Amino acid sequence: MTTEAAPAPAPTSRTIWARRITDGLEPKNVILALLPLLGGLRYGWPGIGWALFAVVFAAVVPTLIIRYGMRKGTVSDRHVGRRQRRLTVFPLIMASVLLGFAVMIALDAPTDLTALVLAMFASLVPILVITAWWKVSVHTAVATGAVICLAIALGPLWLLLGPLVPAIGWSRVVLRDHTTAQTVVGAVVGAVTAGLTFWLAR
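Since this is a predicted model, take the numbers as computed values, not measurements.

Undergrad: Just to check I follow, could you spell out the overall build of the protein for this structure?
TA: Per the secondary structure count, the protein includes seven helices and zero strands. The linear arrangement of helices and strands in the protein, starting from the amino end, is α-α-α-α-α-α-α. In terms of overall size, the protein behaves like a compact globule, its C-alpha atoms giving a radius of gyration of 16 Å where 202 residues would be expected to give roughly 17 Å. Principal axes of the C-alpha set define a box for the protein whose edges measure 50 × 40 × 25 Å. Classification of the 202 residues of the protein by burial places 47% in the buried group. Counting only contacts in the protein whose residues sit at least 6 apart along the sequence, the fraction spanning at least 24 positions is 78%. In the form shown here, the protein has an accessible surface area of approximately 9700 Å², with 71% of it arising from carbon and sulfur atoms. Charge-centre separation for the protein: the mean point of 17 positive side chains lies 6 Å from the mean point of 7 negative side chains.

Undergrad: Help me understand the environment of Pro126 in this model?
TA: Topologically, Pro126 is positioned in helix H4 (residues 111–131). A relative accessible area of 23% places Pro126 in the partly exposed class. The spacing of Pro126 and Gly186 is 60 residues in sequence and 9.7 Å in space, taken between C-alpha atoms.

Undergrad: In this structure, what is going on with the side chain of Asp112? I would like to understand it.
TA: In this structure, Asp112 sits in helix H4. In this structure Asp112 touches Leu38, Arg42, Tyr43, Ala153, Phe198 and Arg202, once residues within four positions along its chain are discounted.

Undergrad: Sorry if this is basic, but what is going on with helix H6 (residues 164–174) here?
TA: Side chains that are three or four residues apart share a direction in an α-helix, a result of its 3.6 residues per turn. Burial in H6 covers these residues: Val165, Ile168, Gly169, Ser171, Arg172 and Val174. Contacts made by the buried residues of H6 are with helix H1 (13–24), helix H3 (83–106), helix H5 (138–154) and helix H7 (180–201). Looking one or two places after H6, you find Arg176, whose phi comes out positive at around 65°.

Undergrad: Would you mind showing me how to read the packing of H4 against H7 here?
TA: How two helices sit against one another is set out by the angle between their axes and by the gap between those axes. Where H4 contacts H7, the axes come no closer than 8 Å and their chain directions differ by 145°. In the crossing of H4 with H7, the sense of the turn from one axis to the other is right-handed. On the side of H4, the interface is formed by Thr111, Asp112, Ala115, Leu116, Leu118, Ala119, Ala122, Ser123, Pro126, Ile127 and Ile130, while H7 contributes Val185, Val189, Gly190, Thr193, Ala194, Thr197, Phe198 and Ala201. Looking at the contact of H4 with H7 residue by residue, the class counts come to 13 nonpolar, five polar and one charged.

Undergrad: I keep staring at the nonpolar core and nothing clicks. Help me out?
TA: Generally speaking, a soluble globular protein has its nonpolar side chains buried in company with each other. Counting residues in hydrophobic clusters, the biggest one holds 41 residues, and the most contacted among them are Leu35, Leu116, Met120 and Phe198. When contributions to this core are tallied by element, the ones reaching two or more residues are helix H2 (27–72), H3, H4, H5 and H7. If one sorts the elements of this core by residue count, H2 sits on top with 11 residues. Residues in contact with Leu116, not counting those within four places in the same chain, are Leu34, Leu35, Leu38, Cys149 and Phe198. Ala143, Val165, Ile168 and Ala187 belong to the second largest nonpolar core, which has five residues in total.

Undergrad: Would you explain a nonpolar patch on the surface in this entry?
TA: Nonpolar side chains collect at one region of the surface, where Val56, Val60 and Leu64 lie side by side and expose about 220 Å² of accessible area between them. With respect to the helices, strands and loops of the structure, Val60 is situated in helix H2.

Undergrad: It is not clear to me how the side chain of Ser96 should be interpreted in this structure. Could you clarify?
TA: Structurally, Ser96 can be placed in helix H3. Given a relative accessible area of 7%, Ser96 falls into the buried group. In this structure Ser96 touches Phe57, Val61 and Pro62, once residues within four positions along its chain are discounted.

Procedures and definitions
Residues numbered from 1 in each chain as written. Predicted model: local features only at pLDDT ≥ 70, side-chain atom pairs only at ≥ 80, totals over all residues. Heavy atoms only, no water. Helix = DSSP H or I, 4+ residues; strand = E, 2+ residues; numbered from the N terminus. Rg over C-alpha atoms; globule rule 2.2 N^0.38 Å. Buried < 20%, exposed > 50% of the residue type's maximum accessible area, 1.4 Å probe, protein only. Contact = heavy atoms within 4.5 Å. Areas by Shrake-Rupley, 256 points an atom, 1.4 Å probe, with all protein chains shown as cover. Lys, Arg positive; Asp, Glu negative; His and termini not counted. Charge placed at Lys NZ, Arg CZ, Asp CG, Glu CD. Axes fitted to C-alpha atoms, helices over the stretch in contact; angles between N-to-C directions. Left-handed = near helix turned anticlockwise from the far one by under 90°. Nonpolar A, V, L, I, M, F, W, Y, C, P; charged D, E, K, R; others polar. Core = buried A, V, L, I, M, F, W, Y, C linked by side-chain atoms within 4.5 Å. Patch = residues over 30% accessible without salt bridge, like charges linked within 9 Å, V, L, I, M, F, W, Y side chains within 5 Å. Salt bridge = Lys/Arg side-chain N within 4 Å of Asp/Glu carboxyl O.

Structural data, given as structure tokens:
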């Protein structure tokens, strides 16, 4: 059973493009785009303001947690490639997201934005459980969840972003960070958990 990333492949045009996709569409960047997009389209400038507040807890703090781990030598890379390290990093990220959600609820933030942050937290729960024994893809989980939530909130045309998910999965497999099965399971977890939570909470 594959639980850790395999050695990185030698650089080729294929792996270079895979690296660009993996880094460009990593979970942090997807969240940085998703929250202001949804906030702005649903609630205008106030929504963007709330979205930027949510970004602090859902993207900025998690990034700082990972960078701190990299400086301390406990995390090997920005994507937290080692499964065992994910078991210590993910709970900290979940705590940050949950704190952001609690503050937004207390301050009566727009419903769709609080629902989206809750969906992010909910997605991390099964991911953490699965990670205890298998290295499921967070990249595909976050990307699929983002597409589904946008489609629920803004209309089915946003499903046209769906092809980005297999492209991300391809990049993770090419870079030997995940198996195909791990990217597929990540996508399913993201779609079901984030989509269902967002739909029920909004």
